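Notes for the structure review
Below, each chain spelled out in residue letters.
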Amino acid sequence: MSTLTKSKLPEWAQPDQVVDLMKLAFPVALSRLSLPIMSVTDAVVLGRMAQLEVPYITIAWLLLSIGMAAGMGVLQGVQVFTAELNASGHYRDTGRVFRRGMWVGCSIGLVSMLAIIMWSRPMYDLLGLQAEVVQGASSAATILAYGMIAHMLVFGATMYLEALRKPVWVTIITYLGVGANVLFDLALVAGWWGFDPMGADGVAWATTGSRAFTAVFLLILVFVYTPGFKKSKPAPKGEFLRQNTVGIGGAIANMAEFATFNLTFVIATLASTMTGMIYSLAIQPIFFSFMLFVGIATATSVRVAESFGRGDAIGVKNASRLGVFAAVLAGVVVTTIIYVLQMPLAIGMASSEEAVTLGTIELLAPVIGVAAFVVMFDGLQVVASSALRAQEKVWIPAAIHIGAYLTVMLPLVYWFTLIKGYGAVGAMSGVAIGSLVVGICQVIFLEWKTARNS
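A few points on the structure. (Residues numbered from 1 in each chain as written. Predicted model: local features only at pLDDT ≥ 70, side-chain atom pairs only at ≥ 80, totals over all residues. Heavy atoms only, no water.)

1. Focus: the overall build of the protein chain
The criterion, for reference: Where helices and strands are cited, they refer to DSSP runs of H or I of at least four residues and of E of at least two residues respectively, numbered from the N terminus. Here the globule rule is a power law, 2.2 Å times the number of residues to the power 0.38, and the radius of gyration is based on C-alpha atoms. Per-residue and other accessible areas were derived by the Shrake-Rupley procedure at a 1.4 Å probe size, with only the shown protein chains allowed to occlude residues. His is not counted, nor are the chain ends, whereas Lys and Arg count as positive and Asp and Glu as negative. Charged groups are reduced to one reference atom each: NZ for lysine, CZ for arginine, CG for aspartic acid, CD for glutamic acid.
Counting secondary structure elements, the protein chain contains 18 helices and 0 strands. Computed over its C-alpha atoms, the radius of gyration of the protein chain comes to 21 Å, within 12% of the 22 Å expected for a compact globule of 454 residues. Taking the principal axes of its C-alpha atoms as reference, the protein chain extends roughly 60 × 45 × 40 Å. If you sum the accessible surface of the protein chain, you get close to 17800 Å²; carbon and sulfur atoms cover 72% of it. If you average the places of the 27 positive and of the 23 negative side-chain charges in the protein chain, the two averages end up 16 Å apart.

2. Looking at the pattern of salt bridges
Selection rule: In the sections that follow, a salt bridge refers to a side-chain nitrogen of Lys or Arg positioned within 4 Å of a carboxyl oxygen of Asp or Glu. Partly exposed describes any residue whose relative accessible area lies between the buried limit of under 20% and the exposed limit of over 50%, with all areas from a 1.4 Å probe on protein chains only and scaled to the type maximum.
This model, assessed by the stated rule, comprises 10 salt bridges. Among the salt bridges present, the one from Glu447 reaches Arg321, with a minimum N-O distance of 2.5 Å. Taken together, the residues span a long stretch of sequence, with Glu447 in helix α18 (residues 423-453) and Arg321 in helix α13 (residues 313-340) at a distance of 126 residues. The class of Glu447 is partly exposed, set by a relative accessible area of 32%. A relative accessible area of 27% places Arg321 in the partly exposed class. Overlapping salt bridges, with partners in common, bring together Asp20, Arg165, Arg303 and Glu306 in one network.

3. Quick notes on helix α5 (residues 94-126)
Note the threshold: In this analysis, the expected span of each helix is defined as 1.5 Å times one less than the number of residues it contains. One fitted axis covers the seven residues ending at a residue, a second covers the seven starting there, and the bend at that residue is the angle between these axes.
With 33 residues, α5 ought to run about 48 Å at 1.5 Å a step, and its terminal C-alpha atoms sit 44 Å apart, in line with that. Of all the bends in α5, the greatest, near 55 degrees, is centred on Trp119, and the proline Pro122 appears no more than four residues after it. Once α5 finishes, Gly128 follows within two positions and takes phi at roughly 80 degrees, a positive value.

4. Section: the nonpolar core
Going by this rule: Only buried residues count toward a nonpolar core, which is a set of Ala, Val, Leu, Ile, Met, Phe, Trp, Tyr and Cys residues joined through side-chain atoms within 4.5 Å. The start and end points of each domain follow an automatic or database-based domain assignment.
Residues Leu46, Tyr124, Leu218, Tyr279, Leu364 and Met428 are the most contacted members of the largest nonpolar core, which totals 131 residues. Sorting elements by how many residues they give to this core places helix α16 (residues 360-389) first, with 17 residues. Two domains share this core, each providing at least three of its residues, namely domain 1 (21-235) and domain 2 (245-453).

5. Some points on helix α12 (residues 284-310)
Between its first and last C-alpha, α12 extends 39 Å over 27 residues, near the 39 Å set by a 1.5 Å rise per residue. Most of α12 sits out of view: 21 of its 27 residues are buried. Looking one or two residues past α12, Gly311 carries a phi angle of roughly 75 degrees, positive in sign.

The structure is reproduced here in structure tokens:
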């Protein structure tokens, strides 16, 4: 019976393949969910204490997102090359990949921190935002900038440990960080234990403090349980360039995605502070559910890189196809859940006396409904592009990201929001169409690439 069942399934969908993907994807997804959990916690606490300051913190991330995108992209090279070396029997040599990534990542973090501190206010002034928004966003951005190096350390250690198939360790530490963020929010935003509420600045300090906490504990794990800080053999010729080529391609794609998404917050806020607030809240379910797809993408990337490192073209194709199928299945489920629960989600995020006065819930629910349709295609693009970068194919995926987000998504958000006057629903509709284009294009290129090489 089991033989018959197996024969009816494609090779990429065999039970052992599915189990292997899930063993990696679930703990990674759970770990990545820590970020949107912190973001939602921040938004809910700030939304209840100072609702009109919600856009301050989202706009504050505009400049940070560029540096973080660059660092996260470069550090994807750590994940790909660690998985390749580990799968080909060179476990102890992965340390040099990790250390190399840390130096580059921390350098990006330092440069980003200094740039944000010096230029955040002039940049926000240039965008034509209201004076109080400029003041609030630049103050929060400066505080968040102090945590840039910690962010890079967390990303690098996380990708290294996951590539070594130790994702559970990362999950445990990141949720200790979530706990720290909650405590900081309650103290600095809600004003518990005698602290003065600090609004958006309190959220920024909570984020910076919790990331530093997480970074310290992850580095201790790397030091004690991996060869990350131990001496390695000299790198073969060209490895440094190959690792950073993968990373730079990922960085360019990430920067395009992060920057354009954050510019949508600016466009929404230019329409009105209320529109910016509604859009900022409605995007939270997307961030939350996106981490499920990051889990699938990371697991797919590791499995593809392992097969690529062994020279197994069939294994690359099977790992890629299973990742895409898992993303489609997860996308259908999550999209349905968010759409059906749009009103309960709106109530949960914005139930306060101020929300009743402003009519926030009634305005927020339909925007969340549109956001539900962003989820599947945004998930597809991250899985497909990760599978391509794991094969050291970086430039076409990066071009797809840049082309779709700059020429489709951003102009549509601007048109629907500021020209047509559709408000937050218009902004989210532009994001949905842009995500559809980039998701489909990435999957088509991945299938063409893997089918041609197998």
